[in-house]
Amino acid sequence: MHLFTKRGKLCLCWTVTVLVLYFWGAHYLTQKSNVDNQIKTVFIEDSQPKEKSTTLTIMPHIIHQMWSFYDIPRTALPWVTSWRKKHPSWKYCFWNSKDVEQLIAKRWPWLLALYKSYPDESFRLNIAKYIILYNFGGIFPDLDIECRKPMDLFIPQSSCFLSQEPTVHRVLLYHWYTTSGMSSSALMGCRPGHPFFKFVIEKLTDTAYILNSDESTGSIMLHKRYLKYMSEQRHSHKGLITLANPDTFQPSFNSGYASLFTHSCQTNSHLNSSQLCQELSRHHFINLHPPPGAFTDRKWERTSQGARYIPEGFLTTNIQTLDNVITGAEIIARMNQIQKETDRP
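(A) Just unusual backbone geometry, in detail. The backbone phi angle of F285 is positive, close to 55°, even though this residue is not glycine. Of note, W300 is a non-glycine position whose phi angle comes to about 60°, a positive value. Examined against the element boundaries, W300 turns out to sit in the loop between strand 9 (296–298) and strand 10 (316–318). For W300, a relative accessible area of 17% translates into the label buried.

(B) Structural context of the pairing of strand 1 (residues 62–66). Across the five residues that make up strand 1, a large majority, five, are buried. Of the two faces of strand 1, the one lined by I62, H64 and M66 and the one lined by I63 and Q65 are each fully buried. Pairing between strand 1 and strand 3 (residues 91–95): five bridges, direction parallel. Paired with I63 across the two strands is Y92, which belongs to strand 3.

(C) Layout of the pairing of strand 7 (residues 183–190). Along strand 7, eight of the eight residues are buried, which leaves the element largely enclosed by surrounding structure. Of the strand pairs in this sheet, strand 4 (residues 138–141) and strand 7 are connected by four bridges, and their pairing is antiparallel. Paired with I139 across the two strands is G189, which belongs to strand 7. With five bridges connecting them, strand 6 (residues 160–164) and strand 7 associate as antiparallel partners. In the sheet register, C160 faces strand 7, and the bridge partner there is C190.

(D) Representation of the state of the cysteines. Applying the stated rule across the entire model yields two disulfides. At a sulfur-sulfur separation of 2.4 Å, the disulfide partner of C160 is C190. Disulfide C160-C190: torsion about the S-S bond near -115°, hence left-handed. Of this pair, C160 sits in strand 6 while C190 is found in strand 7, placing the two residues 30 residues apart along the sequence. The class of C160 is buried, set by a relative accessible area of 0%. By relative accessible area, C190 is classed as buried at 0%. One disulfide bridge connects C265 with C277, the sulfur atoms lying 2.0 Å from each other. Across the S-S bond of C265 and C277 the torsion is about -80°, and the bridge reads as left-handed. Taken together, the residues C265 in helix 11 (residues 258–267) and C277 in helix 13 (residues 275–282) connect sequence positions 12 residues apart.

(E) Local environment of the side chain of R124. Assignment of secondary structure puts R124 in helix 5 (residues 121–136). A polar contact of 2.9 Å, which involves the side chain of R124, links it to the side chain of E121. Discounting chain neighbours no more than four positions away, the residues touching R124 are Y115, K116, Y118 and P119.

(F) Region of interest: the packing of helix 5 against helix 7 (residues 195–202). Direction vectors running N to C along helix 5 and helix 7 enclose 145°, while the axes themselves pass 9 Å from each other. As helix 5 runs across helix 7, the sense of the crossing is left-handed. Residues Y130, I131, L133 and Y134 of helix 5 touch helix 7, and the partners they reach there are F197, K198, V200 and I201. Across the contact of helix 5 with helix 7, the residue classes tally to seven nonpolar, no polar and one charged.

(G) Region of interest: the packing of aromatic side chains. Using the criterion set out here, one finds 16 aromatic pairs in the structure. Ring geometry for Y118 and F123: centres 5.5 Å apart, planes at 15°, overall stacked. With respect to class, Y118 is no different from F123; both count as buried. Pairing F199 with Y229 gives two aromatic rings, centres 6.0 Å apart and planes at 40°, and the pair type is tilted. Linking F199 in helix 7 with Y229 in helix 9 (residues 219–232), this pair joins segments that are 30 residues apart in sequence. What makes Y229 buried here is its relative accessible area of 3%. Above the plane of the ring of W300 lies R298, whose end atom (NZ or CZ) is 4.0 Å from the centre.

(H) Looking closely at helix 3 (residues 97–107). S97, D99, V100, L103, I104 and R107 are the residues of helix 3 that are buried. Down the axis of helix 3, the sector holding all buried residues measures 155°, keeping them to one side. The inward-facing, buried residues of helix 3 contact strand 1, strand 3, helix 4 (112–117), helix 5 and helix 14 (328–343). Two or three places before K98, at the opening of helix 3, N96 has a side-chain oxygen 3.2 Å from that residue's backbone nitrogen.

(I) Inspection of helix 14 at higher detail. The terminal C-alpha atoms of helix 14, which comprises 16 residues, lie 22 Å apart, in line with the 22 Å expected from a rise of 1.5 Å per residue. Among all positions in helix 14, only G328, I331, I332, R334, M335 and I338 are buried. Along helix 14, the residues classed as buried sweep out an arc of 160° about the axis, all on the same side.

The rules we used
- Residues numbered from 1 in each chain as written.
- Predicted model: local features only at pLDDT ≥ 70, side-chain atom pairs only at ≥ 80, totals over all residues.
- Heavy atoms only, no water.
- Helix = DSSP H or I, 4+ residues; strand = E, 2+ residues; numbered from the N terminus.
- Buried < 20%, exposed > 50% of the residue type's maximum accessible area, 1.4 Å probe, protein only.
- Pairing = 2+ DSSP bridges.
- Disulfide = S-S within 2.5 Å.
- Polar contact = N/O pair within 3.5 Å; in protein donor to acceptor, adjacent residues only side chain to side chain.
- Contact = heavy atoms within 4.5 Å.
- Axes fitted to C-alpha atoms, helices over the stretch in contact; angles between N-to-C directions.
- Left-handed = near helix turned anticlockwise from the far one by under 90°.
- Nonpolar A, V, L, I, M, F, W, Y, C, P; charged D, E, K, R; others polar.
- Phe/Tyr/Trp six-rings, centres within 6.5 Å; stacked < 30°, edge-to-face > 60°.
- Lys NZ or Arg CZ within 6 Å of the ring centre and 35° of its normal.
- Arc of directions from axis to C-beta.
- Expected span 1.5 Å × (residues − 1).

Set out below in structure tokens:
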């Protein structure tokens, strides 16, 4: 009787193990099939963007993010997860440097040599955003941006939007005193094929010689292109862009520059009496809690600028271990497969 009970327990354990493996395998295959279908319907069938000349199209519900590799800094994981939690029905796509190079070689071959020639990832990351948004649409936040509210609630006035640098940065860091604000490449969203990003991409060669990433491919260059583009579009409602309020997406400034901001406010008589400096001084140059209306908040970690900033021994998490992540490699592989099927006689 004791032996029978022992055998029975072994059989029961074996049966449970087989069932678990069966259902896990079925779930894995179903998930893989679903991801493949998502890639085909969302990324491939509409991956030849056409500039719309009539009515504005809707920005697709896709979140793009990028890092040099699929192993991202562990510190960025809560912020990455925040986007997925707030947008459970959106597609989430993660790109690495190799994926983007393959996409450029396939769609923008004339740009590949320039893309590779930049001195570090901070230059290339900005270009990757413009190309991915132009080809596929969606929104593209840096890894150090935390999502606080679903983007479904953000109704832009057009099919394309840009975030802004914090006002503190615009005035005290970049010394940009105009009232037109200052665009930021840290968070952008657009429909595929929008003429603005085509304009930005085609003008990249004009600033390729500049060794500062903000001026060459980043926020300073982007805002100059925005001003130029909007001046040419002023008589047309087609292809317009919404420049979001700074507090909507980047209410917090980079506290690493607090001493610089303090010095600027104390030594510049014009700035010293400004409302901005008085407000900063009142709060001892410390960030306040983001306002209720903020959709996101930037943490100002250097996780947005490539793997060379990860110290040795830094903890990382492989993005592919998360559920329902579509990688850039999968998209490129599917594109190549469809191309082969199309070319087949």
